[in-house]
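# Coordinate inspection notes
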Amino acid sequence: MKALVLSGGAGTRLRPITHTSAKQLVPVANKAVLFYGLESIAEAGITEVGMIVGDTAAEIQEAVGDGSKFGLRITYIPQEHPLGLAHAVLIARDWLGDDDFVMYLGDNFIVGGISALVEEFRHNRPDAQILLTRVPDPRAFGVAELDGAGGVVGLEEKPEHPKSDLALVGVYLFTPAIHDAVRAVKPSWRGELEITHAIQHLIDARADVRCTVIRGYWKDTGNVDDMLEVNRTVLEGLPRRIDGEVDDRSETVGRVVVEEGARIVNSRIVGPAVIGAGTLVDHSYVGPFTSIAENCRITDSELEFSIVLRDSSIDGVGRIESSLIGRHAEVTPASHVPSAHRLVLGDHSKVQIHT
């Protein structure tokens, strides 16, 4: 069995972060979202991985390499344009051959991994198996309709009037039967080859399509709110570990991770929180559900429920919360006179200013 991991896409909902970084590499608890998926694939006993890459291919390849650090063998498959999930299966046809495979969306996060799902699929071997979860607003997802016995009778992609609250999770399992289906579908109104249409083709052909409704934690980390929520969930499970330097004027409370090479000076860290290697926290407060990546500098500031990416600095700005701060960012106080806000913002930025 193989795995097909999708790591292309523009990441428009995470702009401006994704103007300069792959969305799959934005860190959760100081580890790229993509890495959690690759670890889950390895834990399921799968070693051969085809990775679909697009405009951010060089960055993905630099981060993942040949896959050996995950116990995997990675083959990179370029996708010139993000033309849909079914298109990814189409262009991976030669690499997939006649093997069964799991397709995993690289920006999805599933607590508990996929080992049980893969084992169930290997045992029963339906033509396709999908994961579903209940969501409050299914209009933003692929949505499944089930019959009274729990069988899949229909799928719709981002419907205006959903027939259920069961959304497709970004993990799919297929036999080679899917290849004829992806060749049979036409582009949707979005101009993409939808995997929901391909699975519907299997359903219409009376193929064996099964579903598993998961009740554990799942997130599509496509926007800032979801990133912060996933970060919170992962941090809650981290054990306390202090490998860096914490001076006697500082206090660490609860599940706090201070990586080797980090320094905490006259500061208070309340977990769950993680402080990356080489980072300095000086005369500051870092509150719960905060991840600060490597080589950052936090001075005379307060930070809570936030993610700070590597090589960034926050100096003397009071309190920051519910924020995602990109790489090499500088956050400093503005001059008091005149009273004004000075902003340098990238395309599609969102700013909230207290007045």
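### A closer look at the sheet that holds strand 20 (residues 273–275)
- Read from one edge of the open sheet, 6 strands run 14-17-20-23-25-27, paired in parallel fashion. At either end of the open sheet lies a strand with only one pairing partner, and these are strand 14 (241–242) and strand 27 (324–325).
- Pairing between strand 17 (residues 256–258) and strand 20: 3 bridges, direction parallel. By the bridge assignment for strand 20, V257 is matched with V274.
- On the sheet, helix 8 (residues 224–236) packs against strand 20, strand 23 (290–292), strand 25 (307–308) and strand 27 and is oriented at approximately 95 degrees with respect to strand 23.

### Regarding the side chain of Q79
- Within the element layout of this structure, Q79 appears in the loop between strand 5 (73–78) and helix 3 (85–91).
- What makes Q79 buried here is its relative accessible area of 11%.
- Within the local environment of Q79, its side chain forms a polar contact with the side chain of H87, the two groups lying 2.9 Å apart.
- With residues near it in sequence (within four places) discarded, Q79 still touches I52, V53, G54, G84, H87, A88 and I91.

### Let's talk about unusual backbone geometry
- Look at the link from G271 to P272: it is a cis peptide, with omega at 5 degrees.
- Topologically, P272 is positioned in the loop between strand 19 (268–270) and strand 20.
- For H283, which is not a glycine, the phi torsion comes out positive at approximately 50 degrees.
- With respect to the helices and strands, the residue H283 is situated in the loop between strand 21 (280–282) and strand 22 (285–286).
- Exposure remark for H283: the relative accessible area of 40% places this residue in the partly exposed category.
- For F289, which is not glycine, the phi torsion reads 65 degrees and is therefore positive.

### So, the confidence of the model for the chain
- Taken as a whole, the chain shows an average pLDDT of 88; of its residues, 89% reach a score of 70 or greater.
- Counting contacts from residues 11–19, a segment whose pLDDT is below 50, to residues more than four positions away or on other chains yields 28 contacts.

### With respect to the packing of aromatic side chains
- Scanning the model with the defined rule gives 5 aromatic pairs in all.
- Between Y172 and F174, the aromatic rings sit 6.1 Å apart at their centres with planes inclined by 10 degrees, giving stacked as the arrangement. Accessibility assignment for this pair places Y172 and F174 in one class, buried.
- Aromatic ring contacts, followed pair by pair, group F101, Y172 and F174 into a single cluster.
- It is K31 that lies over the ring of Y36; its NZ or CZ is 4.4 Å from the centre.

Parameters at a glance
Residues numbered from 1 in each chain as written. Predicted model: local features only at pLDDT ≥ 70, side-chain atom pairs only at ≥ 80, totals over all residues. Heavy atoms only, no water. Pairing = 2+ DSSP bridges. Helix = DSSP H or I, 4+ residues; strand = E, 2+ residues; numbered from the N terminus. Contact = heavy atoms within 4.5 Å. Axes fitted to C-alpha atoms, helices over the stretch in contact; angles between N-to-C directions. Buried < 20%, exposed > 50% of the residue type's maximum accessible area, 1.4 Å probe, protein only. Polar contact = N/O pair within 3.5 Å; in protein donor to acceptor, adjacent residues only side chain to side chain. pLDDT = per-residue confidence, 0-100. Phe/Tyr/Trp six-rings, centres within 6.5 Å; stacked < 30°, edge-to-face > 60°. Lys NZ or Arg CZ within 6 Å of the ring centre and 35° of its normal.

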